[in-house]
Each structure stands twice: as C-alpha cells, then as structure tokens.
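# Structural overview
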Amino acid sequence: MIDKNTMRRSKRRIIYQVSLTFILTAVFMSIYQIVKFNFFPDITLLYSNIVTVVFSALLASIAAYFIVSHHNELIKRRNDDIAERKQIHQENVFYNSLLETTIEATRDGILVVDNNRKVSITNKKFEELWKIPPSIIKSKDDQKLLDFILQQLKEPNKFLEKVSELYQASEKESYDIIEFKDGRVFERVSIPQKLDDNIIGRVWSFRDITDSKRAEQILEESEETYKAIFDNSSDGMFLLDNVFVDCNEAVCSLFNCEKSDIVGKTPSVFSPEFQPDGQSSLTASREKIEKAKNGEAQRFYWQHKRKDGSLFDAEVSLSLVTIRGNEVVFAIVRDITKRKQDENIREALYQISEAAFTASDMKSLYNKIHDAVSTLMPAINFYIAIHDDKTDMLSFPYMVDEFDPPYEPHKLGRGLTEYVLRTGEAILVDEELDLKLRDSGEVDMVGTPTLIWLGVPLKVEGKTIGVIVVQDYHNADTYGETEKQILVFVAEQIAQVVERKRNAEAIKKFSEELKELNTTKDKFFSIIAHDLKNPFITILGFSDILLSDYNELQDEERKYYITEMDKSAKLSHNLLQNLLQWSRAQTGRIDYNPKKIDLAEIINENFQLVNNTAGEKGIRLKHHLDKSLFVFADEDMLNTVLRNLLTNAIKFSNQKSEIEVKAEAFDEDYIEVSVADSGVGMNNEILKNLFTLDTTNSKPGTSGETGTGLGLILCKEFVEKHGGKIRVDSKPEEGSTFSFTLPKGKREL
C-alpha cells in the first residue's frame, strides 16, 4: 500500500530526473558545439542542424523512457494499493462479522469497556444474564451499567471494589464468583484488551453457573452422605482397582487388621489359595474384578482369610462407580458365616431326616449322618456310640478314625464316651481338661490320645441313648464353642432319626421274626403231625401185637417188638425234649445261668449218655482235652449242644468209625470246640440251609435213623446265646466237623 511519504518521494524523483535530463542535454549540446567547431569546421549548416536535432531527440527519448517507466511503476503500485485496500476492507468485514457472530454465539455474557470507561461491545447473552434494559445498553455508559447491576448483587460493595481494582491495575487478570440476591451464581472473568501490546480497554466475561453450582453442592452432599455411609456401614466396603484403594472400619474389624494392612494389597492376599469349589482364588478374583470393570455387576459367595489365617464365609458384591472422575470398583463384603452356617445346618438336618427314609440299613444311615456332619465341621475322626440299657452294653456301630480301629462292644467303662453318657452333657475336651479328668478319676485313657475331643449326647425324650463324637489328632483349634453348639443342635435331630430308624428296623426285624415264627410254627406242627406221630404208631402197633398175640409169639419175636418200641420211645423222648427246649428258647422262658465248667468233664459225661448208641454201630468216641480248659457257659445248654452234635455225628457215621472231640483256644477270650466224624458228609445245598427250619434238611442216618433237624437249630441258638458262633466244614463221603466257640474261664458278659 502507497502512503503519502512515498508519493512525495516519487514527485521529488520526477523533478530530479527532469532537471538532470535538462542539465545533461545542455552539457552534451555544449560539448557537441565545441567538437563541431574544432573538429568539423567545414560542416554545412543544414547538416549541422540535422545532427543537432537527431542528437537532441535521442537524449529526449532516453529521458522520456526513464520518466515514463517510473510513472508506469507508480501507476501499477497505486493500482496494487487500491486492490490491497479493497481486500483488507473485505477481510475486516469478514472478521468483524466472525467476531460479532462468535460473541453472540458464546454462552457467556461479554462486555468490553475502553480506557475511557465507555462500553465498546456487548452481546445479547450479557443483556439476558443481567436483565439490562436496551436504553442502558445504547447509552454505552459503564457507570449506568454498574448502577443497574449492583442492585441485583448480594455483596455489591465487594463487586465494586473488585471492578475499581481491575481498572486501576490494567494489566491484571481476574476470576471470581458473583452471588445474586435471587440465588443465581455467576462466574466472572476479566482480562485487559490489547492492541499491538497497548492496553486499550478491558474485556469482562460472565457465565451463569447456578445449575452447576447446585450440582456441585448436591455432589458434595452426596459425597458426604456416601462418606458417612461408607465409614459407618456394618458391611465391609472397599474401593479397588487391581489393588485395594480404600476401605472402611468394618473391613478392618472383619479382617482383624489395620487399614494400612489392606490398602495396596490384592484381594487374593486375603483369600485362601483355593476357594471351596476348587477354583484358584487369584484367578477367580481377577476374572470377577475384570467383569465389574466392564460394567457387569457381580454378586457371589467367597471365602476370605483374616490376618491371623482364620477363614470366614462372605457374600461379595462388585460394581463400577465413578468418583471424582475416576472409575473404580466398589466392593461390599458381608460376613455370612452365621447365615452360611444356618444354611448348612438346615441342609444337614434335611439330609439326616431324609436319610431316615432312604437309608437301606443302619450302617447306611450312619454313613449319611457322617457326610452331613462333615459339611458343618471337620469330621475325619468320627464315631457314634449307642448304649443298650437292657444289656448295659456300649456298642460302636459306626466309627471312622485315622489311628484306632472300630471299638468292640463292651460294658460301660470310664472313657470319655461313658462320661458323656453319665452326665448327659456335651463336652469339649482339650489336653488340659483330659488330664484333669483322668487325675480326678472321672475318666480313663481309651484309644489314641487326641488334641481336641468333642462329644455330644444323643437324647430322645430326655433319655441319653448314645454319643456322637468328633476328634482331631493334629490341631487343637479344630473345634470350639461354635462347633460344640452346632453339634448339640444337630445331635437332637440325629438322635430322633437314629431312634426312628432303629424302631423301623426293629419293626422290620419283628416282622421278619413273625414270618420266621410262622414258618417255625408250621414246621413245629409238621414235626408234631409227622415226626412225633410215627414213633407212637410204631409203639402202638407193636404193643397191640404183643397184647393180642403174645402167647403165639416166639421169644425172639417178642424181644424184637419190645426193642423197636424202646427205640421209638427214646426217639420220641429226645424229640419232645428238643421241642420243649426250643419252644422255651423261642418264648424267652429258658433259664440262662452261665458258670465255670470243666470242658473235659462235661464231654466225658455226654460220651456216657450216647455211648450205647455209638456202640450199636461200633463207633469209637474219643477226645484229648487238657484238664485246664474251662468255659463260662450254661451247663444245660452246653449239654444240649454236645448231645445233639454227638448224636448227629453217630447218626451219619459209618460202622466201626471214629468220632473225635477237640478243644483249643480260639483267641484271648474264646475256646473253640469241634466234633468231627468221617461219615457221609454233606453237599453245599444242605450246608446252606442247615440251620433253618423253613427247609427240611433231615435225612436218614447210615442205619436208617430218622430226625427232624431241630437239634442243630437248638445248637445254633444256644451257642449264640453265649456270644459264640457255630460253623460246619463238610464234604460228601469225607465226613463233617461242627465247631463252636464259648467264652473262656469266667468272663462276664
């Protein structure tokens, strides 16, 4: 763009060029005249004028060329200046429009005041925010604006002081908050207006932040509420990313540690290596936290570990929250040990109750009870003891133990189990209490010593029927008052179920016994109707012949009939004796009076009783018994057993054979007696049904002897009455050996 100075310089340059051209022309023309007169004196006037004109024209052309060129440059520069001015004007219009549009489009109220305190610019937002009348805006008077504005403010003096301060400190920038009487809140920003580093005024910006302030206030109140809930909640609350960021006091109580022990740690630190379902705590916790970070709220059961290593059941909730712009996982941990315990107890009671109906037998029931108790507490070493008040015997129908085999049934002693039976109270026995009880004589040591022993009585209608026991050989802290109370609670249901099952089995057994009795009754009637009738037919028949034909009969014939009648009478007597003893045994009216008996002596007595019968077949009876062998048995029952077994051996022995009776120690408490023959023997089919009445097992002896099989039934019942067992080893054509056990010496049963 060409300014005035440039134009003046251009004019001076033109004048300089014209003057220079004139001077040069005069100089050249003078030099030309001197040269012409000195060197070309003879030149004609015409020719001289022509040369002068040409030379002058040449100089004029050169001068004109430079002048015109400079003039054209000036014209071009002026045209460019006009175009530039036009472009600048257009840009000014555009930028003014853009500035005006921007100012109007902003959500802030804009006020620009020059150094003379005159309003330069305002936008409509400014008018709306301050509710300023158009007349005041048109006046451009800053003081009028201030007077109108101050009426609306809560602290007008403070506002005015700030305005004055900023006008005096023109370089200063400011930010503050303005509060209105009607509750509105404005944000005010003020900066100096500059042009080429010169301050020409001040720009004021106002923004209505009433809603955001209220939101901030609500947020602050919410945060305060959240903080109060967070700090005072009875549930444990965490904030965590990959590690714990913060926690409340309930967490510290829950984990029995300080806040510093938790913050910065991962959840797996406060968990066992594996969860109850077998999952790795580290892997499972990472998966659940990651899902929560992805916006999937989580709620699940978790087993946590306290600082001291003890475990507790918890319900954990995870959700993603935003706090001060940061996304974190919010966790709630609730101790559900009691609830879980109650659920487990309910489930265990249900399983126990259901087992009473589903268990096939008592052993299966006890096994299900063990499984149910195992869900409530460690029960690796577990047993159930049942007391029979009729026999005063303590039995152990179910026992699982790391070291001890199942205890044998025995009379009540001084063990911890019997202590619970005597007191009728649950007891938790550690090593110290165990020693104290033994020192006081209350209990004796039974089995392998344990570190902790928990016994609870099984009661039905106030009567103790048994004891349920759990024990631990390795950890004295396995059981405490909590486990004791749980087992006491469960034991009541267990006792009811055990009693119900025992009654059900008793009814079942009674039903089977009734069935067996009916079978026995039928067999009894069959014996009376058949086996007892036949001997009397023989006696009656032969006696009738003797009475009617006595004189006609020879002596040998009469002797034959009398002998046969004698045999039939003895057979009938033995049969009647067995029937009488058997019927008394079945009805429980037979006397049982055990005493110390010399085994060799009683065997000799029975040899004398059957010696004649054996002699008829040429059979030799023998034994080699130690005189020091004594048994504790009922003499009448033992005689019946020996007589029946000897008679049975004679019956099925061949002529001129041997029957041998042996006796030897079976174990520490019993002696085994055996009666062996080398007769016809028995096959497996006969052996299988040998001691039952529902199958006829009797067959004729080697000399045609008859029988009922009732004698062996009596033998079995009488042996078992003594707590012994009877067995048979036999092979066809090789003979049979009947063996039975009896208590040694004198042993209380």
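Residues numbered from 1 in each chain as written. Predicted model: local features only at pLDDT ≥ 70, side-chain atom pairs only at ≥ 80, totals over all residues. Heavy atoms only, no water.

### Remarks on the packing of aromatic side chains
Scanning the model with the defined rule gives 18 aromatic pairs in all. Residues Phe-255 and Phe-270 carry aromatic rings whose centres are separated by 5.2 Å and whose planes lie at 70° to one another, so their mutual orientation is edge-to-face. On the criterion of sequence distance, the pair formed by Phe-255 in helix 8 (residues 249-255) and Phe-270 in the loop between helix 8 and helix 9 (281-293) is long-range, its members being 15 residues apart. Summarising the burial analysis for this pair, Phe-255 and Phe-270 share the class buried. Between the aromatic rings of Tyr-383 and Tyr-407, the centroid separation amounts to 5.9 Å while the plane-to-plane angle is 75°, which identifies the pairing as edge-to-face. Of this pair, Tyr-383 sits in strand 11 (residues 381-388) while Tyr-407 sits in the loop between strand 12 (393-400) and strand 13 (410-411), and the two are 24 residues apart along the sequence. An identical accessibility class is assigned to Tyr-383 and Tyr-407; each is buried. Aromatic rings pair up to connect Phe-126, Trp-130, Phe-159, Phe-180, Phe-186 and Phe-206 into one cluster. (Phe/Tyr/Trp six-rings, centres within 6.5 Å; stacked < 30°, edge-to-face > 60°. Helix = DSSP H or I, 4+ residues; strand = E, 2+ residues; numbered from the N terminus. Buried < 20%, exposed > 50% of the residue type's maximum accessible area, 1.4 Å probe, protein only.)

### Considerations on the sheet that holds strand 16 (residues 463-472)
An order of 13-12-11-16-15-14 is seen for the six strands of this open sheet, with the pairing classed as antiparallel. Both outer strands of the open sheet, strand 13 and strand 14 (427-430), are each paired with one neighbouring strand and no more. Where strand 12 lies against strand 13, two bridges are found, and the strand directions are antiparallel. Paired with Met-393 across the two strands is Lys-411, which belongs to strand 13. Most of the contacts of helix 12 (residues 416-423) go to strand 15 (residues 452-460), to which it runs at about 40°, and overall it touches strand 11, strand 12, strand 13, strand 14, strand 15 and strand 16. (Pairing = 2+ DSSP bridges. Contact = heavy atoms within 4.5 Å. Axes fitted to C-alpha atoms, helices over the stretch in contact; angles between N-to-C directions.)

### Things to note about the sheet that holds strand 22 (residues 726-731)
Across the sheet, which stays open at both edges, the five strands sit in the order 18-20-21-23-22 with mixed pairing between neighbours. Bordering the open sheet on either side are strand 18 (620-623) and strand 22, each of which pairs with just one other strand. When strand polarity is set aside, the average angle formed by the axes of neighbouring strands in this sheet is 15°. Bridge count for strand 20 (residues 658-665) against strand 21 (residues 670-677) is seven bridges, and the pairing is antiparallel. Looking across to strand 21, one finds that Glu-664 is bridged to Glu-672. Helix 18 (residues 635-651) contacts strand 20, strand 21 and strand 23 (735-743) of the sheet and is inclined by roughly 170° relative to strand 23.

These values are about where atoms sit, not about what they do.
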